[in-house]
Amino acid sequence: MAVTKEKPQSVDPAAAFFTPGSDIHDTKAPAGPIEKKWPARQFTAKLVNPANRRKLTVIIVGTGLAGGAAAATLGEAGYNVENFCYQDSPRRAHSIAAQGGINAAKNYRNDNDSVYRLFYDTVKGGDYRARETNVYRLAEVSGNIIDQCVAQGVPFAREYGGLLDTRSFGGVQVQRTFYARGQTGQQLLIGAYQALERQVNAGTVKMHTRHEMVELIVHDGRARGIITRDMVTGEIEPWYADAVVLATGGYGNVFFLSTNAMGCNVTATWRAHRKGAYFANPCFTQIHPTCIPVHGDTQSKLTLMSESLRNDGRIWVPKRAEDCTKDPRQIPESDRDYYLERIYPAFGNLVPRDIASRQAKNMCDEGRGVGPLVTEVTQDGTTQQRRRGVYLDFAEAIGRLGRKAVEAKYGNLFDMYQQITGENPYETPMRIYPAVHYTMGGLWVDYDLESSIPGLYVCGEANFSDHGANRLGASALMQGLADGYFVLPNTINDYLSGGPFEKMSDSTPEVAAALGEAKGRVERLLSVQGSRSVDSFHKELGAIMWEYCGMERTAEGLQIAIGKIRQLREDYWNDVLVTGVNEDFNQALERAGRVADFMELAELMCIDALNRRESCGGHFRRESQTEDGEALRNDDEFAYVAAWEFTGDGQKPILHKEPLVYEFIELKQRSYK
């Protein structure tokens, strides 16, 4: 029977950092069998007739898979859509960086896949911390996504008979991942972009590039618009609508080093949080096991190696520490530890990401990591040297399939690895190590994807709804397109049927206040004129988060982190140097606002992690593990969504709990052995 290695603390240290609130519930999902809930909701949701849609305006922030798909679909339906992104083109949204594939329950392999199995795998993969209703709907519409994308011309790989090809991803025992080599995100985004540009040409969508959302406008309790800063001219201006949709991605860059694009940030969702939108499960961040290791102190981001590589690549470390400096090709099979295959024989190298990441860390902590020595500062202030890398080896696959077959599957990924590292992965095993990748936490939404602010909807990675404590590989693209193409366009009608709402103007008190907040924030950042760059603060914040709220967390460490973050935030507002002026192209100012929001988010992440006295998915508390080192949940106390309410600067957040009730899946400890 699983037992904890350490006794839980008698006094909850998290209690000092927040105020208990009330339970909340999703009231939008209909009662009845789970397979009938989505059709029932589609039928009961109110409609807007085509003529009236022309009178309604929707603001969509973000042009990735979720935002671009939503804008194209709502534009096609006849709504007036104002679409915003901070990039110079919608095609530069971070969705383009996704590599390995997109899940769907098509069962083309005839391997007993089904909607229910995709639903079950996703809930189990998320360690039973996701809402059943949302996940089942995601699985239910997954097949439609593939049909939609094929119709748009997405060049999915095909097998000899002409059917779309699929491959395996972690945490499942069927092959349900559709792909376009290692460029799946790019191809899907181009499909959504074409649909979006069609509506731009038709006049239903107006595109606003190089505009960053810096405030949310809430009037009469409803989301009615946003404040943006023109990133070229510095102009700060309001935009009004009958509803607002945020599709702005995740907040992994709070760690500074991550696989996210440098521009990815939390500002849009954090500004909404400060206006009343609950932030759910912020501590649930995903560490991806197959990334190129950190190679220097001046590095600004990390590069992902697709999880698809684990289909044919085998992960190993030397059995003996003294072999770690040897050329891996000189280490015989008998001296290699294929540790995932050894520990998890049922899933092997295709265990979920959180498990593969922790085991890679464990191997390196044992002194069996590979690559250069890295000096680390530990939580007790001492330093240690470790090799932070494991091997991902394709020698067996090349021998079995031939080099040409491996090139056809993974060639662009191998080329990218060689360009970055200078090593040829066809001849020498890749070196990989876990890195921050995706965030399962996000703004709380109900079944309709509506936040706790009426009229504010949240899609894709920006919401919390589908992945629990760990996202299965190839499910991010699935959720983004499901939300954008199929879910939001059906549910937002219910809200918009009550519009058009009262006209807004710059003189509306809430608009004037939001404009004042946005302008005052810019003026404050520019006026500090300290001695430290924005990036130096961001890098220090990232080091704190990685050490104390990264792959392993403890009560003591999280309390230390909260103190360090508070001190760093105080130093930031007293000593940051933001050069230039607002009325110009000013990237230092852009980063300054984003890092200020990251600092506030970081504290909430640590409070959330401190409160959750269990291990689940990507949240691993050292105090809560089984005898063999696996994550140990505490379902009696923590089977809930933690939804945090902002109460003001310097004030304790309020914790609201949404109980997670499992009617259609048995709640049990995960096992991939």
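Summary of the structure given here. Computed from a prediction, not measured in an experiment: that's the story for all the values here.

**Digging into the sheet that holds strand β21 (residues 456-458)**
With parallel pairing, the five strands of this open sheet are ordered in space as β7-β3-β2-β11-β21. Of all strands in the sheet, those bounded by a partner on one side alone are β7 (205-208) and β21. On average, adjacent strands in this sheet sit at an angle of 20 degrees to one another, irrespective of strand direction. In this structure, strand β11 (residues 243-246) lies alongside β21, joined through three bridges in parallel fashion. Within β21, the residue paired with Val245 across the bridge is Tyr457. With respect to the sheet, helix α6 (residues 184-202) is in contact with β3 (80-84) and β7, its orientation differing from that of β7 by roughly 110 degrees. Contacts from helix α12 (residues 476-496) reach β2 (57-61), β11 and β21 within the one sheet, and its direction differs from that of β11 by about 150 degrees.

**Some details on unusual backbone geometry**
Negative phi characterises most residues that are not glycine, and trans characterises most peptide bonds. The amide bond that connects Gly499 to the next residue, Pro500, takes the cis arrangement and shows omega of -5 degrees. In this structure, Pro500 sits in the loop between α12 and α13 (509-528). A positive phi angle, near 50 degrees, is found at Arg181, a position not held by glycine. Here Arg181 shows up in the loop between β6 (177-178) and α6. Of note in the backbone geometry, Asn281 takes a positive phi value of approximately 50 degrees without being a glycine. By the secondary structure assignment, Asn281 is in the loop between β12 (279-280) and β13 (285-291).

**As for the packing of α13 against helix α15 (residues 555-575)**
In a packed pair of helices, the relevant descriptors are the angle between the two axes and the axis-to-axis distance. One way to put it is that α13 packs onto α15 with a least axis distance of 7 Å and a crossing angle of 80 degrees. Between α13 and α15, the angle falls in the class roughly perpendicular. For the pair formed by α13 and α15, the contact residues are Arg524, Leu525 and Val528 on the first element and Tyr572, Trp573, Asn574 and Asp575 on the second. Among the residues making up the contact of α13 with α15, the classes are represented as four nonpolar, one polar and two charged.

**Concerning the side chain of Asn103**
Along the chain, Asn103 turns up in strand β4 (residues 102-103). What makes Asn103 buried here is its relative accessible area of 4%. Within the structure, Asn103 has its side chain in polar contact with the side chain of Thr177 (distance 2.7 Å). Sequence-distant contacts of Asn103, defined by excluding residues within four places in its chain, comprise Ser142, Arg176, Thr177, Gly473, Ala474, Ser475 and Met478.

**A closer look at empty space enclosed by the protein**
Taking a probe equal in size to a water molecule and rolling it over the atoms shows the remaining empty space. For the structure on display, the rule yields six cavities of 30 Å³ or more. Approximately 170 Å³ is the volume found for the largest cavity. For the largest cavity, the lining is made up of 13 residues, of which Val214, Arg521, Val522, Leu589 and Gly593 are closest to its centre. Elements that contribute at least two residues to the lining of the largest cavity include exactly β8 (211-219), α13 and α16 (587-611). Among the elements that take part in the lining of the largest cavity, α16 stands out by supplying five residues, more than any other. A per-class count over the lining of the largest cavity returns five nonpolar, two polar and six charged. Taken together, Thr285, Gln286, Ile287, Asp354, Ser357, Arg358, Asn470, Met551 and Gly618 make up the lining of the second largest cavity.

**Details of the pattern of salt bridges**
Side-chain pairing between opposite charges can occur once the charged atoms of the two side chains come close. One pass over the structure, following the stated rule, counts 58 salt bridges. Arg129 is paired through a salt bridge with Glu614; the nearest N and O atoms lie 2.9 Å apart. Within this pair, whereas Arg129 is found in the loop between α4 (115-125) and α5 (132-151), its partner Glu614 is found in the loop between α16 and α17 (635-638), the two being separated by 485 residues in sequence. Like Glu614, Arg129 is buried. Where Asp312 meets Arg400, a salt bridge forms, and the shortest distance between an N and an O atom there is 3.2 Å. With Asp312 in the loop between β13 and β14 (314-318) and Arg400 in helix α10 (residues 395-401), this residue pair connects regions lying 88 residues apart in the sequence. For Asp312, a relative accessible area of 8% gives the class buried.

The rules we used
- Note on numbering: residues in each chain are counted from 1, in written sequence order.
- Under the rules for a predicted model, residues below a pLDDT of 70 receive no local features and side-chain atom pairs below 80 are neither given nor counted, while totals for whole chains, interfaces and linings still include all residues.
- The side-chain figures draw on all heavy atoms in the structure; neither hydrogens nor water molecules are used.
- Here a strand pair is declared whenever DSSP counts at least two bridges between the two strands.
- Helix and strand definitions follow DSSP, with helices as H or I runs of at least four residues and strands as E runs of at least two, each counted in order from the N terminus.
- Fitted lines through C-alpha atoms give the axes, limited to the stretch in contact for helices. The angle between two N-to-C directions lies from 0 to 180 degrees.
- Any pair of residues with heavy atoms lying within 4.5 Å of one another is described as a contacting pair.
- When an angle is under 35 degrees it counts as roughly parallel; over 145 it counts as roughly antiparallel; between 65 and 115 it counts as roughly perpendicular; any other value is oblique.
- Charged residues are taken to be Asp, Glu, Lys and Arg, nonpolar residues to be Ala, Val, Leu, Ile, Met, Phe, Trp, Tyr, Cys and Pro, and polar residues to be all remaining types, Gly included.
- Buried means the residue's accessible area, taken with a 1.4 Å probe over protein chains only, is under 20% of the maximum for its type, while exposed means over 50%, and partly exposed covers the values in between.
- Pairs of N or O atoms within 3.5 Å make up the polar contacts considered here, provided that, within protein, one atom can donate a hydrogen while the other can accept it, and that residues adjacent in sequence are counted only when both atoms are side-chain atoms.
- Two kinds of site are reported from a 1 Å grid over the protein atoms alone, namely cavities, where a 1.4 Å probe fits but cannot get out, and pockets, open sets with protein on both sides within 12 Å along at least five of seven lines, and residues are called lining when an atom falls within 4 Å of a point.
- Grid points are joined across faces, edges and corners, and a volume is the space filled by probe spheres set on the points.
- The term salt bridge refers to a side-chain nitrogen of Lys or Arg lying within 4 Å of a carboxyl oxygen of Asp or Glu.

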